[in-house]
Amino acid sequence: MPRPDKPPIGLAVSRVAKALNRAFEDVLAGAGGSQPVWLILVALRARPDSTQRQLAQVLSIREATLTHHLNGMERDGLVARRRDPENRRVHQVVVTDDGDAMFRRLRSAAVAFDRQLRAGIDDDRLTVVAETLQQLAINAAG
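This report concerns the structure included in the present document. Everything quoted here is computed from the prediction, not taken from an experiment.

1. A few points about the pattern of salt bridges
- Applying the stated criterion to the full structure yields six salt bridges.
- A salt bridge links Arg-53 to Glu-63, with the nearest nitrogen and oxygen atoms 3.1 Å apart. You can see Arg-53 sitting in helix H3 (residues 52–59) and its partner Glu-63 sitting in helix H4 (residues 63–75), a full ten residues away along the chain.
- Here Asp-114 and Arg-118 are joined by a salt bridge, their closest N and O atoms 2.6 Å apart.

As structure tokens, this is what we get:
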């Protein structure tokens, strides 16, 4: 049972997660992007020419949600969709030159944000934090 003078750990983690997410969104917006754009570009860098279905699975989002994001990214010239030559019913998603430039800008912003988060915390403590968060996720899953 949690001590009365300490909030439940789930509440503390939720508050920190929201604060970090907001701060990261602000950093990415300052670089001209957003978290969905960043995550999609990272996934496409790791798996070039992915299909929309594969991307949705990798990102753990619904295909309709991904389609919404891809429509905006395609409109902005960051990605292009093309028919798979093996199966014309399937669309592959490719990063354009502008998308590659956006990826580099967002990566620089993400790396700087990571450095900011790590400031003043030694590697041993960061390892303990990462392990603790992983265990909390395992515990949450049951």
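Continuing now.
2. A few points about the packing of aromatic side chains
- Within the structure shown, the criterion is met by two aromatic pairs.
- Ring centres 5.5 Å apart and planes at 15 degrees place the aromatic pair Trp-38 and Phe-103 in the stacked group. Taken as a pair, Trp-38 in helix H2 (residues 35–46) and Phe-103 in helix H5 (residues 97–118) lie far apart in primary sequence, 65 residues in all. For the pair Trp-38 and Phe-103, one class covers both residues: buried.

3. Focus on the pairing of strand S1 (residues 79–84)
- Two strands pair when backbone bridges link them, and S1 and strand S2 (residues 87–95) are joined in this way by six bridges, in the antiparallel orientation. From the neighbouring strand, Arg-81 faces S2, where its bridge partner is Val-93.
- Linking S1 to S2, which pair antiparallel, is a turn of two residues.

4. Some remarks on the environment of Asp-5
- Note that Asp-5 resides in the segment before helix H1 (9–30).
- Residue classification places Asp-5 among the exposed residues on the basis of a relative accessible area of 55%.
- Once the C-alpha coordinates of Asp-5 and Lys-18 are considered, the two residues, 13 residues apart in sequence, prove to be 22 Å apart.

5. Structural notes on the side chain of Ser-50
- Inspection of the secondary structure assignment puts Ser-50 in the loop between H2 and H3.
- Not counting the four nearest positions on each side in its chain, Ser-50 is found in contact with Leu-44, Leu-55, His-91, Gln-92 and Val-93.

6. Structural notes on H5
- Between the first and last C-alpha of H5 there are 32 Å, a value that for 22 residues agrees with the 32 Å anticipated at 1.5 Å per step.
- Taken as a whole, H5 has its buried residues at Gly-99, Met-102, Phe-103, Leu-106, Ala-109, Ala-110 and Phe-113. Across the axial projection of H5, the buried residues extend over an arc of 140 degrees, all falling on one side. Summarising the geometry of H5, the exposed residues directed more than 90 degrees from the buried face are Asp-97, Ser-108 and Arg-115.
- Those residues of H5 hidden inside the fold are in contact with H1, H2 and S2.
- Positive phi appears at Gly-120, one or two residues downstream of H5, with a value of about 80 degrees.

Cut-off values and rules
- Residues numbered from 1 in each chain as written.
- Predicted model: local features only at pLDDT ≥ 70, side-chain atom pairs only at ≥ 80, totals over all residues.
- Heavy atoms only, no water.
- Salt bridge = Lys/Arg side-chain N within 4 Å of Asp/Glu carboxyl O.
- Helix = DSSP H or I, 4+ residues; strand = E, 2+ residues; numbered from the N terminus.
- Phe/Tyr/Trp six-rings, centres within 6.5 Å; stacked < 30°, edge-to-face > 60°.
- Buried < 20%, exposed > 50% of the residue type's maximum accessible area, 1.4 Å probe, protein only.
- Pairing = 2+ DSSP bridges.
- Contact = heavy atoms within 4.5 Å.
- Expected span 1.5 Å × (residues − 1).
- Arc of directions from axis to C-beta.

Purely geometric stuff here, so don't read any function into it on its own.
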